[in-house]
Amino acid sequence: MVCVCNATYCDTLDPVVLPALGTYVKYESSKAGKRLERSEGSFQRSLHAPGLLLTLNVSTMYQHVKGFGGSLSDAAALNILGLSRPAQDNLLRSYFSESGIEYNLIRLPMACSDFSVRPYSYDDVPHDYELKHFRLAEEDLKMKIPLLHRASAMSRRPLSLYASPWTSPAWMKSNGDVRGKGMLKGQAGDKYHKTWANYFIKFLDEYAKHNVTFWAVTAQNEPLAALLTPPQFPTIAFTAAQQRDFVVHDLGPALARSPHHTRLIILDDQRIHLPHWAKVVLGNATAAHYVAGMGVHWYLDGIIPASCSLEATHKLFPDHFLLYTEACSGFITLRFSVSLGCWERGDHYSHSILTVLNHFVAGWTDWNLALDLEGGPNWVKNYVDSPVIVDSSKDVFYKQPMFYHMGHFSKFIPEGSRRVGLHSSHRCLICQLEHVAIVRPDGALVLVVLNR
């Protein structure tokens, strides 16, 4: 199941109109080919339900929702801009407009990630502790910033952007290279750590000059990435204690002193590190004061249940949000990185989102917004899948099942919604139904059900 879009055609959705009292609107997607197909119905007064009965309890309120979205990596930007201008507009509208699935979160790498065509940083002049040579790259100025403006102009909802660094300049790293794994030189509070904290502020300053502001930054993409990634993968390694000290002495104060009202997210790595990481960092009152929430990646979710990691962390630190900051299919696979039309990969997205929403997570961010048929470009050949696959040679893009699965959440659950109580009349082991109930700021109720 894919929708083939080009310069003149792409499927669209109507803006959401709330149903009249006593009626409901249903949107359905299926392996057989339904793509957010809309229908209407009326509620029955009869309480006799022979099958499974789901009972909503709106007086039991849980976490607020931040939202849903994807990442504008260099690779995503290159693929989008590889299309003709009308096709680009159709792709951006599909994600951000009322005729699409209305994403409100965008994650942005600070300088290169592996999903770039080259390794780079914003200041490659050695020992430039004043960051006098800090410059945004062509990738920012020619690609990402213009695309952010276009997405924002199409969106009815305010977009929340957050940025994540993969690597510092080579001269700040123990291995002397933006490529590969290294620690930040020295220790918290020294000139390297102060300069690295100021690098975040410089990034925010430069983007602000182009009228782009950030809701949040994460302290480091996958600080323990050595567990999963190829040897050339750009990263800075931090332990929980090192991240705590960097937040306390350097990054927290730098953000607080800056003119930016940008929030700070820690971890940005697998949930196997929870609740330990949270205990180490947020157990320090100064660090807890600077930190707004914790970012989680989905790659090792199968190893540890959500209750022991996410819910346990929420119970310890209820004032700090949990946000899924990265997920994709097709990683470390013996099959194809890109599997066009694969329903199971979409199903996996919905299963993850439903599971984590039911364990106090506030939102879910997909990885690359768009990739090519190979699952790149990626300079360490770490190819993966994406909800949108671009074939620039034909000026077409393919909206995959993952795209429509995301839409069942992003379009109907705006920022500020809250999860509410939902009771199932019995555990139906053969049904394999998963569900979540949400009340929106406008008072409408949303029930998302996955039939696996």
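Everything in this summary refers to the structure shown in the same document. Values in this document were obtained by computation on a predicted structure and should not be read as measured data. (Residues numbered from 1 in each chain as written. Predicted model: local features only at pLDDT ≥ 70, side-chain atom pairs only at ≥ 80, totals over all residues. Heavy atoms only, no water.)

Some thoughts on the pairing of strand β5 (residues 67-71)
Phase 1 of the analysis: Here β5 lies mainly inside the structure; 5 of its 5 residues are buried.
Phase 2 of the analysis: Both β5 and strand β14 (residues 361-368) contribute to a ladder of 4 bridges, which runs parallel. Within the sheet, the bridge partner assigned to glycine 69 lies in β14 and is threonine 365.
Phase 3 of the analysis: Of the strand pairs in this sheet, β5 and strand β6 (residues 105-110) are connected by 3 bridges, and their pairing is parallel. Considered in β6, the bridge of serine 71 is made with arginine 107. (Buried < 20%, exposed > 50% of the residue type's maximum accessible area, 1.4 Å probe, protein only. Helix = DSSP H or I, 4+ residues; strand = E, 2+ residues; numbered from the N terminus. Pairing = 2+ DSSP bridges.)

Let's talk about the sheet that holds strand β15 (residues 371-372)
Phase 1 of the analysis: Across the sheet, 4 strands lie side by side as β1-β17-β16-β15; this open sheet has mixed pairing. With one partner strand each, in any of the chains shown, β1 (3-5) and β15 form the two edges of the open sheet.
Phase 2 of the analysis: With 4 bridges connecting them, strand β16 (residues 388-391) and strand β17 (residues 396-399) associate as antiparallel partners. Across the sheet, residue valine 388 finds its bridge partner in β17, namely lysine 399.

A closer look at the packing of aromatic side chains
Phase 1 of the analysis: As enumerated under the stated definition, the model contains 31 aromatic pairs in all.
Phase 2 of the analysis: Ring geometry for phenylalanine 134 against tyrosine 199: centres 5.1 Å apart, planes inclined by 80°, an arrangement best described as edge-to-face. With phenylalanine 134 in the loop between β6 and α3 (138-154) and tyrosine 199 in helix α4 (residues 191-209), the pair connects residues that are 65 residues apart, well separated along the chain. For the pair phenylalanine 134 and tyrosine 199, one class covers both residues: buried.
Phase 3 of the analysis: Relative to tyrosine 207, the ring of phenylalanine 203 lies with its centre 4.7 Å away and its plane at 40°, an arrangement referred to as tilted. With phenylalanine 203 and tyrosine 207 both in helix α4, this residue pair falls 4 residues apart, about one helical turn. Each member of the pair, phenylalanine 203 as well as tyrosine 207, carries the same accessibility label: buried. (Phe/Tyr/Trp six-rings, centres within 6.5 Å; stacked < 30°, edge-to-face > 60°.)

Re the state of the cysteines
Phase 1 of the analysis: All chains considered together, the criterion is met by 1 disulfide.
Phase 2 of the analysis: In this model cysteine 5 forms its disulfide with cysteine 10; the gap between the sulfur atoms is 2.2 Å. With the S-S bond torsion at 65°, the cross-link from cysteine 5 to cysteine 10 turns out right-handed. Each member of the pair, cysteine 5 as well as cysteine 10, is classed as buried.
Phase 3 of the analysis: Counting only cysteine sulfurs, cysteine 342 is the nearest neighbor of cysteine 328, a cysteine outside any disulfide, at a range of 13 Å.
Phase 4 of the analysis: On the basis of relative accessible area, cysteine 328 is assigned to the buried category, the value being 2%.
Phase 5 of the analysis: Overall, cysteine 342 belongs to the buried group, its relative accessible area being 12%. (Disulfide = S-S within 2.5 Å.)

Quick look at the sheet that holds strand β19 (residues 433-439)
Phase 1 of the analysis: Within the open sheet, the 4 strands sit side by side as β4-β18-β19-β20. Their pairing is antiparallel. Strands at the two margins of the open sheet, each flanked by one partner only, are β4 (54-64) and β20 (445-451). Across the sheet, the axes of successive neighbouring strands diverge by a mean angle of 30°, strand direction being ignored.
Phase 2 of the analysis: The pairing of β19 with β20 spans 7 bridges and is classified as antiparallel. When the sheet's bridge partners are listed, glutamate 434 is paired in β20 with leucine 450. (Axes fitted to C-alpha atoms, helices over the stretch in contact; angles between N-to-C directions.)

Re the pattern of salt bridges
Phase 1 of the analysis: This model, assessed by the stated rule, comprises 29 salt bridges.
Phase 2 of the analysis: Taking the shortest distance from any N to any O, the salt bridge between glutamate 102 and arginine 156 comes out at 3.1 Å. Of this pair, glutamate 102 sits in the loop between α2 (85-96) and β6 while arginine 156 sits in the loop between α3 and β7 (160-165); the two residues are 54 residues apart in sequence, bridging distant segments of the chain.
Phase 3 of the analysis: Overall, glutamate 102 belongs to the buried group, its relative accessible area being 2%.
Phase 4 of the analysis: Residue classification places arginine 156 among the exposed residues on the basis of a relative accessible area of 53%.
Phase 5 of the analysis: For the salt bridge of glutamate 138 with lysine 142, the shortest nitrogen-to-oxygen distance reads 2.9 Å. On the criterion of helical spacing, the pair formed by glutamate 138 and lysine 142 is a turn pair, its members being 4 residues apart in helix α3.
Phase 6 of the analysis: Owing to a relative accessible area of 47%, glutamate 138 belongs among the partly exposed residues under this scheme.
Phase 7 of the analysis: Residues participating in the shared-partner salt-bridge network are Glu98, Glu102, Arg156, Arg157 and Lys411. (Salt bridge = Lys/Arg side-chain N within 4 Å of Asp/Glu carboxyl O.)

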